[in-house]
Amino acid sequence: VGGGAVAVAPSRSPPGPAFVKLMLPSHVSGGYWLQAPYGIGEYLPDVTSTVVLQCDAEEWRNVWLVRSANNGGLSGGWRGFAVDQRLAVGDAVVFTKEKGLRLRVTIHRAHLCGGDVAAAEVAFAEAEAHTNALFVTHQQQQQQLVVQQTSSSSPTPAPPGSSDIGAVPPAPSPPSPRPPPPPGNGTSRSLHVYSRRQEGRFCGTAAAAARR
């Protein structure tokens, strides 16, 4: 539904895998249309919706434009993100599906990685590591659920005089902290010309200092 109303983002949409897009001229200039990476549409609505791109703790609202089945991309708002992040041809961008209609964005810049091929290799390695970890966690959760269902259906009686009766189970381990983003992710906030001007917060002096 390409020309319909923009839908409301469902907050129950779970986290998902990571996907890579290599920047071409049409992505960073001219029409500023970003055809979606293959597969990401399975984790986003099949109608035109609003998604949020998150990079370096800042957010950009984008239109997820669905043209037909399995054919969608980022339209309105993508230009602002590309301009703010100073994306260039050859940069490799990782889109990680977060809870709700949110995509966490990591940028691997070709000029910092030693070329577009090296940037792509780093980006795909990051996306594969995240996706593999996600599916491993999902499998472990399913296995734990099966064990819990089995144990609840056939409980084992406690031995006489057991001291464990009424004992409080140990608290689950806290989640591992997310590793810091790799070099090349994001830009200085002072350089975010597009969004800063829209919000009335752009400072030319700060932007000039950040470019040095």
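Residues numbered from 1 in each chain as written. Predicted model: local features only at pLDDT ≥ 70, side-chain atom pairs only at ≥ 80, totals over all residues. Heavy atoms only, no water.

Novice: What am I meant to see in the overall build of the protein chain here?
Specialist: Along its length, the protein chain carries six helices and seven strands. The helix and strand sequence of the protein chain, counted from the amino end, reads β-α-β-β-β-β-α-β-β-α-α-α-α. (Helix = DSSP H or I, 4+ residues; strand = E, 2+ residues; numbered from the N terminus.)

Novice: Got a minute to help me understand unusual backbone geometry in this structure?
Specialist: The residue Tyr32 is not glycine, and still its phi comes out positive at about 50 degrees. Mapped onto the elements of the fold, Tyr32 is located in the loop between helix H1 (25-28) and strand S2 (34-35). Exposure remark for Tyr32: the relative accessible area of 15% places this residue in the buried category. For Ala57, which is not a glycine, the phi torsion comes out positive at approximately 65 degrees. Assignment of secondary structure puts Ala57 in the loop between strand S3 (49-55) and strand S4 (58-68). According to the relative accessible area criterion, Ala57 is exposed, its value standing at 61%. (Buried < 20%, exposed > 50% of the residue type's maximum accessible area, 1.4 Å probe, protein only.)

Novice: What exactly am I supposed to notice about the side chain of Thr131 here?
Specialist: As for its position among the elements, Thr131 is in helix H4 (residues 116-153). Of the polar contacts made by the side chain of Thr131, one reaches the backbone oxygen of Ala127; its length is 2.8 Å. Dropping the residues within four chain positions of it, Thr131 is found in contact with Pro17 and Ala18. (Polar contact = N/O pair within 3.5 Å; in protein donor to acceptor, adjacent residues only side chain to side chain. Contact = heavy atoms within 4.5 Å.)

Novice: Looking at this model, I keep getting lost on the packing of aromatic side chains. Mind explaining?
Specialist: The description of an aromatic ring pair rests on the distance of the ring centres and on the angle between the ring planes. Throughout the structure, instances matching the rule amount to four aromatic pairs. Here the aromatic rings of Phe19 and Tyr43 are separated by 6.1 Å at their centres, their planes lie at 50 degrees, and the arrangement is tilted. Pair noted here: Phe19 is in strand S1 (residues 18-22) and Tyr43 is in the loop between S2 and S3, with a separation of 24 residues, a long-range link. The exposure class of Tyr43 is partly exposed, given its relative accessible area of 30%. By the ring-pair criterion, three or more aromatic residues cluster together here, those being Trp60, Trp78, Phe81 and Phe95. Arg67 extends its terminal NZ or CZ atom over the ring of Trp33, reaching a point 4.0 Å from the ring centre. (Phe/Tyr/Trp six-rings, centres within 6.5 Å; stacked < 30°, edge-to-face > 60°. Lys NZ or Arg CZ within 6 Å of the ring centre and 35° of its normal.)

Novice: When you look at the nonpolar core in this model, what are you seeing that I'm missing?
Specialist: Generally speaking, a soluble globular protein has its nonpolar side chains buried in company with each other. Ranked by internal contacts, the top residues of the largest apolar core, which has 25 residues, are Leu53, Trp78, Phe81, Leu87 and Phe95. Counting only elements with at least two residues in this core, the list comes to S3, S4, helix H2 (78-84), strand S6 (92-98) and strand S7 (102-108). (Core = buried A, V, L, I, M, F, W, Y, C linked by side-chain atoms within 4.5 Å.)

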